[in-house]
Amino acid sequence: MTHFTGKVAVVTGAGSGIGRALSVELARRGAKLAICDVDTVGLAETEALVKAEGADVKADHLDVSQRELVLAYADGVAAHYGKVNLVFNNAGIAFTGNIEEMSFKDIDRVMDVDFWGVVSGTKAFLPHLVESGDGHIINISSIFGLFSVPTQGAYNAAKFAVRGFTEALRMEMILNKRPVKVTCVHPGGIKTNIAKKQEQVEGVDHDQLAKQFDKLARMSPAKAANIILKGVEKNKARVLIGADAWVLDKFVRLTGPRYARGVAAFSKRNGL
Ligand code: NAP
């Protein structure tokens, strides 16, 4: 028996990276999975991995930026399994460029997936989590939800917003005595496909960006998933992943608004 045995867990963005690793680790711990992604090929691979662990799995195409579809999906998962216990709002995209050069459309796209996707997933599943009597919502922010960096204005905005939304939700669940725990996750660099898949403003070299990311992102998605699940077991309000996340979080808190100078210098030195 583990903390997750017999629980129904939803993972968005399960076709790759952290979402795939979370799905596999949850399956190993005896959870029943509802996994979704826009990438149906990646999703089918995750589905096979989860099945190989002997877990029940429901796999669906879902674009988390489509609110009506997310609402219908939540009802579908609840009807399929009869309950929902855990929701990992993990699906996300990256985008690089200076704010002067980003279009409104670029910013909207990042906010639609990385922020509104989390809001829709939270609101859609919340009634089902309350009804289960044993719910937990886990929203994936980033270290970029703790401090800003140049060229990540849209991503920073979305990830700060996820953090604000999630921390308020945790307080409300406690104050209103709802049976739903709430955790906000802030990964540092994790070796996934996020940088390879990302878009950028014109003039920014995509391959160079992906290379820089691979240099800085050290941790495997499996290790990240294990840290997240440990945090969920302990009902942590905030889960930081990786030495980079711990060091940078301390640095930002110690230096206050002056952190920007250090981060800008680091970005320049590393060609970010
Ligand atoms: P990943 O390997 O690219 O996986 C993300 C998955 O989400 C992909 O399969 C992607 O499909 C899918 N997705 C994208 N847009 C979607 C949408 N609208 N609806 C449903 N699924 C969608 O990235 P990852 O690194 O595992 O990222 C997972 C989460 O961790 C994200 O929220 C990310 O911001 C966060 N995070 C990652 C890092 C890191 O260093 N990797 C650090 C901090 C935070 P496509 O491949 O087709 O786009």
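As a reminder, the structure under discussion sits directly above these lines.
This structure is a prediction, so every number in the text was calculated from the model and none was measured. (Residues numbered from 1 in each chain as written. Predicted model: local features only at pLDDT ≥ 70, side-chain atom pairs only at ≥ 80, totals over all residues. Heavy atoms only, no water.)

Is there a simple way to explain the overall build of the protein chain in this structure?
When you go through the protein chain residue by residue, the secondary structure sums to 10 helices and nine strands. Relative to the globule expectation of 19 Å for 272 residues, the C-alpha radius of gyration of the protein chain, 18 Å, shows essentially globular dimensions. Oriented by its inertia axes, the alpha-carbon framework of the protein chain measures out at about 50 × 40 × 35 Å. Looking at the protein chain residue by residue over its 272 residues, the buried ones come to 49%. For the protein chain, the share of sequence-separated contacts (at least 6 apart) that also reach a separation of at least 24 residues comes to 70%. As displayed, the protein chain offers around 13100 Å² of accessible surface, 56% of which is attributable to carbon and sulfur atoms. (Helix = DSSP H or I, 4+ residues; strand = E, 2+ residues; numbered from the N terminus. Rg over C-alpha atoms; globule rule 2.2 N^0.38 Å. Buried < 20%, exposed > 50% of the residue type's maximum accessible area, 1.4 Å probe, protein only. Contact = heavy atoms within 4.5 Å. Areas by Shrake-Rupley, 256 points an atom, 1.4 Å probe, with all protein chains shown as cover.)

Sorry, what's going on with the site of the ligand here?
The full set close to the ligand counts 30 residues, and Ser16, Asp37, Tyr155, Thr192 and Lys197 are the nearest of them. A distance of 3.4 Å is found between a nitrogen atom of the ligand and a backbone nitrogen or oxygen belonging to Leu62. Looking at side-chain class alone, the shell around the ligand contains 13 nonpolar, 12 polar and five charged residues. (Near = heavy atom within 4 Å. Polar contact = N/O pair within 3.5 Å; in protein donor to acceptor, adjacent residues only side chain to side chain. Nonpolar A, V, L, I, M, F, W, Y, C, P; charged D, E, K, R; others polar.)

How do you make sense of the environment of Val130 when you look at a structure like this?
Within the secondary structure, Val130 is located in helix H4 (residues 104–132). Here Val130 falls in the partly exposed class, since its relative accessible area comes to 28%. Spatially, the C-alpha atoms of Val130 and Lys83 are 9.9 Å apart, while their sequence positions differ by 47 residues. With sequence-adjacent residues up to four places away left out, Val130 is seen in contact with Arg178, Pro179 and Val180.

Looking at this model, I keep getting lost on helix H3 (residues 67–81). Mind explaining?
An α-helical turn contains 3.6 residues, so a residue and the one three or four places further along point in the same direction. The terminal C-alpha atoms of H3, which comprises 15 residues, lie 22 Å apart, in line with the 21 Å expected from a rise of 1.5 Å per residue. When H3 is considered as a whole, its buried residues turn out to be Val70, Tyr73, Ala74, Val77, Ala78 and Tyr81. One face of H3 carries all of its buried residues, which in axial projection span an arc of 130°. Along H3, the residues that are exposed and aim more than 90 degrees away from the buried face are Glu68 and Ala79. Buried residues belonging to H3 abut strand S1 (8–12), strand S2 (32–37), strand S3 (57–61) and H4. (Expected span 1.5 Å × (residues − 1). Arc of directions from axis to C-beta.)

It is not clear to me how the environment of Lys123 should be interpreted in this structure. Could you clarify?
Turning to its location among the elements, Lys123 is positioned in helix H4. The class of Lys123 is exposed, set by a relative accessible area of 58%. Remark: the alpha-carbon pair of Lys123 and Thr5, spanning 118 residues in sequence, is separated by 25 Å.

Teacher, can you tell me more about the pairing of strand S6 (residues 135–140) here?
Every regular strand shows the same layout, with side chains that alternate between the two sheet faces. Burial analysis of S6 places six of its six residues in the buried class, which makes it a mostly covered element. Neither face of S6 is left uncovered, since the one carrying Gly135, Ile137 and Asn139 and the one carrying His136, Ile138 and Ile140 both have all their residues buried. Of the pairings in the sheet, the one linking strand S4 (residues 86–89) to S6 comprises four bridges and is parallel in character. Following the sheet pairing, Leu86 is matched in S6 by His136. Pairing of S6 with strand S7 (residues 180–187) involves six bridges; the strand directions are parallel. Following the sheet pairing, His136 is matched in S7 by Lys181. For the handedness criterion, the β-α-β arrangement of S6, helix H5 (residues 153–175) and S7 is classed as right-handed. (Pairing = 2+ DSSP bridges. Right-handed = clockwise from strand over helix to strand, strands pointing away.)

Explain the packing of H4 against H5 here, please?
Two quantities define a packed helix pair, namely the angle between the axes and the distance from one axis to the other. Contact pair H4 / H5: the axes reach a minimum separation of 8 Å and the direction vectors enclose 15°. The orientation of H4 with respect to H5, classified from their angle, is roughly parallel. Two packed elements cross with a definite hand, and for H4 against H5 that hand is right-handed. Contact residues: Ile107, Val110, Met111, Asp114, Phe115, Val118, Val119, Thr122 and Leu126 in H4; Ala154, Tyr155, Ala157, Ala158, Lys159, Ala161, Val162, Phe165, Leu169 and Met173 in H5. Of the residues belonging to the contact of H4 with H5, the class tally is 16 nonpolar, one polar and two charged. (Axes fitted to C-alpha atoms, helices over the stretch in contact; angles between N-to-C directions. Parallel < 35°, antiparallel > 145°, perpendicular 65-115°, else oblique. Left-handed = near helix turned anticlockwise from the far one by under 90°.)

Would you explain helix H9 (residues 243–255) in this entry?
Taking 1.5 Å of rise per residue, 13 residues should cover 18 Å, and H9 covers 18 Å from first to last C-alpha, within 8% of that figure. Looking only at H9, the buried set comprises Ala245, Asp249, Val252 and Thr255. End-on, the buried residues of H9 take up no more than an arc of 150°, which puts them together on one face. Away from its buried face, by an angle of more than 90 degrees, H9 presents the exposed residues Ala243, Val247 and Leu254. Where the residues of H9 are buried, they touch S7, strand S9 (238–241) and helix H10 (259–269). Positive backbone phi, at 60°, marks Gly256, one or two positions downstream of H9.

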